[in-house]
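This is what each chain is made of:
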Number of protein chains: 2
Amino acid sequence: MSQQSASRITPRAEDYSRWYLDVIRQGDLAEPAEVVKGAMVIKPHGFAIWEKIQRALDDMFKETGHQNAYFPLLIPESFIKKEAEHVDGFSPELAVVTHAGGKELEEPYVIRPTSETIIGHFFQRWIESYRDLPLLINQWANVMRWELRTRMFLRTSEFLWQEGHTAHANHAEAKEEVQRMLRIYARFAEEWMAMPVICGEKTASERFAGALETYSIEAMMQDGKALQAGTSHDLGQNFGKAFDVTFQNEKGESEHVWQTSWGVSTRLIGGLIMTHSDDNGLVLPPKLAPVQVAIIPILAKNCDENQIFSACDKIQEELKAEGISAVCDKRDYKPGYKYHEWEQKGAPMRIEIGPRDLEKNQVMMKGRLEQEKTPLSMDNLRGKIQAYLDKYQTMLFERAKTRREESTINIDTYDEFKNVFAGQNSRFVYAHWDGSAETEAKIKEETKATIRCIPLDQPEEPGHCMISGAPTKKRVLFAKSY
Amino acid sequence: MSQQSASRITPRAEDYSRWYLDVIRQGDLAEPAEVVKGAMVIKPHGFAIWEKIQRALDDMFKETGHQNAYFPLLIPESFIKKEAEHVDGFSPELAVVTHAGGKELEEPYVIRPTSETIIGHFFQRWIESYRDLPLLINQWANVMRWELRTRMFLRTSEFLWQEGHTAHANHAEAKEEVQRMLRIYARFAEEWMAMPVICGEKTASERFAGALETYSIEAMMQDGKALQAGTSHDLGQNFGKAFDVTFQNEKGESEHVWQTSWGVSTRLIGGLIMTHSDDNGLVLPPKLAPVQVAIIPILAKNCDENQIFSACDKIQEELKAEGISAVCDKRDYKPGYKYHEWEQKGAPMRIEIGPRDLEKNQVMMKGRLEQEKTPLSMDNLRGKIQAYLDKYQTMLFERAKTRREESTINIDTYDEFKNVFAGQNSRFVYAHWDGSAETEAKIKEETKATIRCIPLDQPEEPGHCMISGAPTKKRVLFAKSY
């Protein structure tokens, strides 16, 4: 497949879904693995983003006392059935191993859709006393959920994620952990992904199968829809009881542990794309961009190629020493081709160096979102580039936040609410809801908007449910979602 | 399970296999996952070693131009059958997914035992021209091989590994890559794991299923047996032809690519254990030890606990700033219990600090392999500790190398050969072999020793096959193996 023939990116205004897939293709992030239903291949440029996400989150997990471990991919089918709500939630999506080593298995295994059950089994073996608590474990792994409708990064049959699993001696500590990890996810989303999020509690109907409470971070995509970008669950003693995970408390009595779990996945990359990218392709925050600076040598006729190349190499080395990842693109293509490619791959900045620039002791630089090139003197180039990247990171966050604010409204009547969500439209809408599952279901059915969360940081504001008129204490967040 | 009741480690001399499992249990590295046949759970202390292995190898792969990507876990069953030798080699060990999403699948999937086939499928889509070559990809992933006899780390039904997959425009470049990666594995084994290895070519009967040639690094364990610790394969055009991976060469003609693959796995941790550990538990080279220094506060009656703790914290901080990983063990256990635990977990050094030490501006230090404690003045403590760790790393390598040399012999007659391998015994034996599969099979059947490799760095030495008497050019390496 020639890169040029397929290089057009459908504009967002024309077809948002096509735009998303085009950005992924042209950014060389991933491609569908049609031979495996609903799966994808994460290509090097996409995987490099995931590696940066992993590194940053892993550091945050370790700073808060968590340790990584690795549990089996396969789970005995009977384990999934031990927690009643869990089996209802996950059974329809399971992939099942029935044969192995040339024989039919006595009991089939499922490929983990999530690991609460198998980890519950081991926690039961590892925990004896209050001294063993809290037990703070994280796992980076692949999981599988056989979904009917898939979309690259957002929902795939197999995906990569991390799943934290912790056990505590009492409910208060477990609840603290749930909030701690939710806030770490929010901080990561905002400081690294430059993606503003709203922290909140899910309604009962949107809870993780087996949890007492589920919290999430919700981000707004450019089409006004919400993306649930990370979740943190208070599992109470549900799995502790299902897998008989007990400990002796300080009084010598046996109690069931209190557990939490929390996870983010390669879905974050979908959120990254839909938060920042434009009709020219990928736009990446510098902290997660695999290539922060693309250096393009400009060869004029009769110029000394080696001189230009070595000037480019020198800058690359200098940037590398500063922790800035730069690529020196010496491939045998025309500069315009390279500009186009690095733009589509989301490099925050490109630098051009030709013979004239060398004479003037300068480079030409162009930011990913700028129209014009600017000359930059070579003096203290590193410092200027770092400052530019820092500013660019902040700017992307501010831009996304402004867009969200402009698309967020308070609504008090259901007629107005239905108007806002008519057709394909979505916004973030704060409205009053009476707390009943019936009202929630009616709204979802009639408008396709769902309660994204009951925001934690939203001030109390007494009002009345827009449907039932029942009195309420605060507004909740509605939107259509991915 | 109480730590103390099961804390005895069977001496090597008494039962080497039990010793190995005891070291793993007491080192808290892993445990069998009996509920999933042949699988294990890698516990935090074991996984931390794997993370260090990953980080070091990944840096080496990237320095040599490789990029990480991620391919699907599931492979259509038909893919495995496209390369004739490949299917013969792997079919008996496959785990098969026959149902997903509540339905029977039209074509079953296998869980990847290795990814040549699915990656071949994508290389076919990605490669068009000589400009796309070489394509240098690596994947960190879980794989599954349903083996009959398993042993933690050495052979488990599911294991973690990296698999490199590269495509080249000609055989010479592919062969260069095969050697480059073999030598990277050897360097990693020796410089990081402090585990001396022998680089060599496998005989035809020990080749990877589908390869033209397989190379390996072979290490000697403490029982004299060999561990194949990493392999690098010249796949020729076998998979290129099976998956029709072609490229246009510079003349515009279509050719099949030349491929390589290479991998190391969590088996390396088994090698690490059996190279260095002793009857007191784990011994780890500092470069891969999750905890390099265990700091133990010694609280005397009426002493100022906070003063001791803060002295310990200060040292930990200072070491951390130097890149030395230290744990300050303030748990409510007696010092002797902690000494024992950190010894079994392989911390290269322990430091004790009590009120008397503080008065004298010193700490007491004990290396993992030393009998006695030594006082160390606090002046330039960091420098002294780093110097100790460096020396310890070198010493472990030298010790292992000496042991290997003492257990390596040249043998010229088959009678002597059979004697060496009688019973459970093994050594590294260099002997002459006529190059025939028949002789190789006869030796294996009669002695259980196999040709580990045809060493690359062994000088030529004309001789005669110890069985057939046929003339030979150099000796090959025999041993019993894991």
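Keep in mind the model is a prediction, meaning the values are calculated, not measured.

A. Region of interest: the overall build of chain A. The number of helices and strands found in chain A is 14 helices and 25 strands. Here the C-alpha atoms of chain A give a radius of gyration of 25 Å, agreeing with the 23 Å that 2.2 N^0.38 yields for 482 residues. Residue burial in chain A is summarised as follows: out of 482 residues, 49% are buried. For chain A, long-range pairs separated by at least 24 residues make up 67% of all intrachain contacts whose partners lie at least 6 apart in sequence.

B. Spotlight on the domain arrangement of chain A. Residues and elements named next belong to chain A. Segmentation of chain A into domains returns domain 1 (16–276), domain 2 (291–388) and domain 3 (408–479). Between the C-alpha centres of domain 1 and domain 3 there is a distance of 28 Å. Contacts between the two partners involve 15 residues from domain 1, matched on the other side by 15 residues from domain 3. Within the residue set of the side of domain 1 that touches domain 3, elements represented by two or more residues are strand 9 (197–201) and strand 10 (213–220). For the side of domain 1 that touches domain 3, the residue count by class is five nonpolar, five polar and five charged.

C. Just the interface of chain B and chain A, in detail. Counting residues at the interface gives 36 residues for chain B, matched by 36 residues for chain A. Elements represented by at least two residues in the side of chain B that touches chain A include exactly strand 2 (40–42), helix 2 (44–63), strand 3 (67–68), strand 4 (74–76), strand 5 (95–100), helix 5 (116–126) and strand 8 (158–168) of chain B. With six residues, strand 5 of chain B is the largest single contributor of residues to the side of chain B that touches chain A. Two strands pair when backbone bridges link them, and strand 5 (residues 95–100) of chain A and strand 5 of chain B are joined in this way by five bridges, in the antiparallel orientation.

D. The environment of Gly101 of chain B, seen in detail. You can see Gly101 of chain B is positioned in the loop between strand 5 and strand 6 (103–111). Sequence-distant contacts of Gly101 of chain B, that is, excluding residues within four places in its chain, are made with Pro92, Glu93 and Trp146 of chain A.

E. Focus on the relation of the copies chain B and chain A. It takes a turn of 180° to lay chain B on chain A, together with a shift of 0.0 Å along the axis; the resulting RMSD is 0.0 Å. The relationship between the two copies is best expressed as a two-fold rotation axis. For chain B, the minimum C-alpha distance to the rotation axis belongs to Val97 of chain B and amounts to 2.1 Å. Most of the interface of chain B is mirrored in chain A, where 100% of its interface residues again form contacts.

F. Inspection of the sheet that holds strand 6 (residues 103–111) of chain A at higher detail. Taking strand neighbours across the sheet as the criterion, the six strands line up as 4(A)-6(A)-5(A)-5(B)-6(B)-4(B) in an open arrangement whose pairing is antiparallel. Each edge of the open sheet carries a strand with a single partner, namely strand 4 (74–76) of chain A together with strand 4 of chain B. Ignoring strand direction, the axes of neighbouring strands in this sheet form an average angle of 45°. When strand 5 of chain B meets strand 6 of chain B, the two strands line up antiparallel, connected through four bridges. Across the sheet, residue His99 of chain B finds its bridge partner in strand 6 of chain B, namely Glu104 of chain B.

G. Examining the pairing of strand 18 (residues 362–367) of chain A more closely. Across four bridges, the pairing between strand 17 (residues 349–353) of chain A and strand 18 of chain A is antiparallel. Across the sheet, the residue bridging to Arg350 of chain A is Lys366 of chain A, located in strand 18 of chain A.

H. Spatial organisation of helix 14 (residues 437–447) of chain A. All names here are of chain A. Residues of helix 14 that are buried: Glu440, Ile443 and Thr447. Along the long axis of helix 14, the arc covered by the buried residues comes to 65°, so they all point the same way. With respect to the buried face of helix 14, the exposed residues turned more than 90 degrees away are Ala437, Glu438, Ala441 and Glu445. Contact partners of the buried residues in helix 14: helix 13 (414–420) and strand 22 (450–455). Once helix 14 finishes, Lys448 follows within two positions and takes phi at roughly 65°, a positive value.

I. How the structure looks around the pairing of strand 7 (residues 135–144) of chain B. Residue and element names in this part refer to chain B. Burial runs high along strand 7: seven of the 10 residues are buried. Pairing of strand 3 with strand 7, which is carried by two bridges, proceeds in the parallel orientation. Counterpart to Asn68 in the pairing with strand 7 is Asn138. Bridge analysis of strand 7 against strand 8 gives 10 bridges, and the strand direction is antiparallel. Looking at strand 8, one finds that Val143 is bridged to Phe159.

J. Looking closely at unusual backbone geometry. Residue and element names in this part refer to chain A. Omega for the bond connecting Leu133 with Pro134 falls within 30 degrees of zero, at -5°, which places this linkage in the cis form. In this structure, Pro134 sits in the loop between helix 5 (116–126) and strand 7 (135–144). One non-glycine residue, Asn361, lies in the positive phi region at around 55°. Looking at the element boundaries, Asn361 is found in the loop between helix 11 (355–359) and strand 18. Of the residues examined, Asn361 has 9 C-beta atoms within 10 Å and is grouped as exposed.

K. Highlighting the sheet that holds strand 10 of chain A. Residues and elements named next belong to chain A. Pairing is mixed across the open sheet formed by 11 strands, whose spatial order is 3-7-8-14-11-10-9-22-25-21-20. Looking at strand neighbours, the two that pair on one side only are strand 3 (67–68) and strand 20 (408–410), the edges of this open sheet. The sheet contact formed by strand 8 (residues 158–168) and strand 14 (residues 258–265) spans eight bridges and is antiparallel. When the bridges of strand 14 are listed, Glu163 appears paired with Gly263. Each of strand 7, strand 8 and strand 14 is contacted by helix 5, which is oriented at about 35° to strand 8, the strand it contacts most. Its contacts with the sheet put helix 8 (residues 267–276) on strand 10, strand 11 (226–236) and strand 14, and the angle it makes with strand 11 is roughly 145°.

L. Representation of helix 10 (residues 335–344) of chain A. Among the residues of helix 10 of chain A, those classed as buried are Lys338, Glu341, Trp342, Glu343 and Gln344 of chain A. Buried-residue contacts for helix 10 of chain A involve helix 1 (16–26), strand 15 (293–297) and strand 17 of chain A.

M. The nonpolar core, seen in detail. In terms of nonpolar packing, the biggest core is built from 286 residues, with Ala189, Ala219 and Ile295 of chain A together with Ala189, Ala219 and Ile295 of chain B touching the most fellow members. Ile295 of chain B has contacts with Cys312, Ile315, Gln316, Ala326, Val327, Cys328, Asp329, Ile351 and Ile353 of chain B, leaving out every residue within four places of it along the chain.

N. Looking closely at the environment of Ala186 of chain A. Residue and element names in this part refer to chain A. Here Ala186 lies in helix 6 (residues 171–191). Judged by the 22 C-beta atoms lying within 10 Å of it, Ala186 falls in the buried class. The sequence separation of Ala186 and Ile198 amounts to 12 residues, and the corresponding C-alpha distance is 7.8 Å.

O. Layout of the environment of Pro134 of chain B. All names here are of chain B. Exposure remark for Pro134: the 20 C-beta atoms within 10 Å place this residue in the buried category. For the pair Pro134 and Asn170, spaced 36 residues apart in sequence, the C-alpha to C-alpha distance is 9.5 Å. Not counting the four nearest positions on each side in its chain, Pro134 is found in contact with Thr166, Ala167, His168 and Glu173.

Parameters and conventions
Residues numbered from 1 in each chain as written. Chains lettered and ligands numbered in written order. Predicted model: local features only at pLDDT ≥ 70, side-chain atom pairs only at ≥ 80, totals over all residues. Helix = DSSP H or I, 4+ residues; strand = E, 2+ residues; numbered from the N terminus. Rg over C-alpha atoms; globule rule 2.2 N^0.38 Å. Buried ≥ 20, exposed ≤ 12 C-beta atoms within 10 Å, placed from the backbone. Contact = placed C-beta atoms within 7 Å. Domains from an automatic or database assignment. Nonpolar A, V, L, I, M, F, W, Y, C, P; charged D, E, K, R; others polar. Pairing = 2+ DSSP bridges. Least-squares fit on C-alpha atoms with pLDDT ≥ 70 in both. Axes fitted to C-alpha atoms, helices over the stretch in contact; angles between N-to-C directions. Arc of directions from axis to C-beta. Core = buried A, V, L, I, M, F, W, Y, C linked by C-beta atoms within 7 Å.

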